[in-house]
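# Summary of structural features
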Amino acid sequence: MDYVSYNGEISKKIQMPLDQGFLYGYGVFETINVAQGQPVFFEDHMERLKQSALVMSLKLTSHPEQIWTDCLKVIAKNEMERGGLRVTLSKGLTADNLLITARENHYDRQMFEQGVKICTSDAVRNETSRLVSIKSNNYLENLLILNEAKTRGFCEAIFYNTQGYLAEGCMTNLFLIKNGTVYTPARDCGLLAGIIRNRVIGLLKANHIAIEEGHYTGDQLRAADEVFITNSLMEIMPVKQVDKQCYGIGPETLTARIDGLFKQTWGQS
C-alpha cells in the first residue's frame, strides 16, 4: 500500500509531518474497513473523529465529503478491493494535518471459522482517563501489551479497569454470551465505544436478542457460553479461548447467528 493522502495531496512517498502528533502523539485517528473497494460505515467514523477532535482541541477543517473523496483516491491508487484505511488528524504548527494511509486486512473467514485465542492482561485500564473514550494516537501501552500477548500465542489482550471490571481489549470490544443473553461492558467501564460495537448493539435490539451493557467480572467471563470480540476490520470474531478457558464456536452458536444478521444487514465481508 504505497500511496497516501496528506492534506488532500496524493503521494507515493510516505509523509511524516514533524508536528506535535508525531512528537507527542497529539492526534486522533479512525481505522476504516474497505470492502469491495468502498469505505465501510464512513459516516460513523467521521462523527467519532469529529467528536474526538473536539475533546483534543483539534480542528477538523476538511469536510467529510472531501475526506470521502480523498479516501476513494487512496483506495484507487493502491488498487484496494479489501483492506483498511487510517485517517489521522494530528496537531500541526499552524494548522492541523490530515493523513490517510492504507493497509491490508489480515482477518478472514478462516479465522472466523477457527476462532481466536485471547488473554487477560495484568495491566489496568484507567476508566477515569480523558483519553480512554477517544481513539487517540497514544496507543503505545496498547501495542506493548498486544505484542506481549502475541509472543504468548494470543491475538489480543483484555483489560480490567481499576474497579476490577472488564473493560476492553487492546484493539477490540468484548462481548459475552450466557444463556442466550449478550453482555458487553458499559462505556463507564473505561473503553472506546467501537463502531462495530455500537452497530452490533443496535442490531441485537432490532432483532429482539437480549443485550445488556453493564459491569462484569472475570468470573462472569469464565462462566460464559460464548465470547466474541469486535473492531472495524475484523467486525465480529468468535473467541475459542481466553487464557485457559475454552468456549463454544461454530455455525450453531449465537455468535454465528449474530454474524449472519450483521452480513445480511450490511453486506460486509
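The structure reproduced in this document is the subject of the present report. (Residues numbered from 1 in each chain as written. Predicted model: local features only at pLDDT ≥ 70, side-chain atom pairs only at ≥ 80, totals over all residues. Heavy atoms only, no water.)

### A closer look at the pattern of salt bridges
Using the following cut-off: Here, a salt bridge means any side-chain nitrogen of Lys or Arg that lies within 4 Å of a carboxyl oxygen of Asp or Glu. In DSSP terms, a helix is any run of H or I states spanning at least four residues, a strand is any run of E spanning at least two, and both are numbered starting from the N terminus. For each residue, the accessible area found with a 1.4 Å probe, counting protein chains only, is set against the maximum for its type, and the residue is called buried under 20%, exposed over 50%, and partly exposed in between.
Considering all chains together, one arrives at eleven salt bridges under this definition. One salt bridge in this structure joins E30 and R48, with 2.8 Å as the shortest N-O distance. Taken together, the positions of E30 in strand 3 (residues 27–35) and R48 in helix 2 (residues 42–55) put the pair 18 residues apart, joining distant regions of the chain. You can call E30 buried: its relative accessible area is 0%. Overall, the relative accessible area of 13% leaves R48 in the buried class.

### Re the pairing of strand 10 (residues 173–178)
Put simply, the test is: Note: two strands are recorded as paired if DSSP finds a minimum of 2 bridges between them.
Burial analysis of strand 10 places five of its six residues in the buried class, the great majority of the element. Two strands pair when backbone bridges link them, and strand 10 and strand 13 (residues 226–231) are joined in this way by five bridges, in the antiparallel orientation. When the sheet's bridge partners are listed, I177 is paired in strand 13 with E226. Pairing geometry for strand 10 and strand 11 (residues 181–185), over three bridges, is antiparallel. Paired with I177 across the bridge in strand 11 is V182. Counted along the chain from strand 10 to the antiparallel partner strand 11, the turn is two residues long, and its residue N179 has a positive phi close to 50 degrees.

### Looking at the state of the cysteines
Test applied: Here, a disulfide means two cysteine sulfur atoms that sit within 2.5 Å of each other.
Following the criterion strictly, the structure yields zero disulfides and no others. This cysteine, C189, is not joined by any disulfide, and C170 carries the nearest cysteine sulfur, 17 Å off. Looking at C246, it has no disulfide partner, and the nearest cysteine sulfur is the one in C119, 14 Å off.

### Describing helix 6 (residues 195–206)
Since there are 3.6 residues in each turn of an α-helix, residues three or four apart along the chain are aligned in direction. Put simply, the rule reads: By this rule, a helix spans an expected 1.5 Å times one less than how many residues it contains.
A rise of 1.5 Å per residue sets the reference length of helix 6, with its twelve residues, at 16 Å; its end C-alpha atoms lie 17 Å apart and thus fit the reference within 8%. Buried within helix 6 are the following residues: I195, I196, R197, V200, I201, L203 and L204. The positive-phi residue at the C-terminal boundary of helix 6 is H208, with phi of around 60 degrees.

### Details of the packing of helix 6 against helix 8 (residues 254–266)
Formally: Between N-to-C directions, angles cover 0 to 180 degrees, with each direction set by a line fitted to C-alpha atoms, over the stretch in contact for helices. Oblique is the label for any angle not covered by the other classes, which are roughly parallel (under 35 degrees), roughly antiparallel (over 145) and roughly perpendicular (65 to 115). Whether two residues are in contact is decided by their heavy atoms: any pair within 4.5 Å suffices. Each residue gets one of three labels, nonpolar for Ala, Val, Leu, Ile, Met, Phe, Trp, Tyr, Cys and Pro, charged for Asp, Glu, Lys and Arg, and polar for the others, Gly among them.
In the contact formed by helix 6 and helix 8, the axes pass within 11 Å of each other and the chain directions differ by 100 degrees. Classed by the angle they form, the pair helix 6 and helix 8 counts as roughly perpendicular. Only I258, L261, F262, T265 and W266 of helix 8 make contact with helix 6, whose side of the interface consists of I196, R199, V200, L203 and L204. Residues belonging to the contact of helix 6 with helix 8 are distributed by class as follows: eight nonpolar, one polar and one charged.

### Focus on the packing of aromatic side chains
Stated precisely, the cut-off is as follows: Centre distance within 6.5 Å is the pairing criterion for rings of Phe, Tyr and Trp, where only the six-membered ring of Trp is used; planes under 30 degrees apart are then read as stacked, over 60 as edge-to-face, and the remainder as tilted.
Overall, the coordinates contain seven aromatic pairs when judged by the stated rule. Measuring from centroid to centroid gives 6.1 Å for F41 and F262, while their planes differ by 85 degrees, and the two rings are edge-to-face. Of the two residues, F41 sits in the loop between strand 4 (38–39) and helix 2 while F262 sits in helix 8, which places them 221 residues apart along the sequence. Look at F41 and you get buried, because its relative accessible area is 10%. Of the residues examined, F262 reaches a relative accessible area of 0% and is grouped as buried. Measuring from ring centre to ring centre gives 5.6 Å for F41 and W266, while their planes differ by 90 degrees; the resulting arrangement is edge-to-face.

### Comments concerning unusual backbone geometry
A positive phi is found at N179, a non-glycine position, where the angle reads about 50 degrees. In this structure, N179 sits in the loop between strand 10 and strand 11. Of note in this structure, D243 is not a glycine but carries a positive phi near 55 degrees. Turning to its location among the elements, D243 is positioned in the loop between strand 14 (235–242) and strand 15 (245–246).

Geometric values such as these leave the question of function open.
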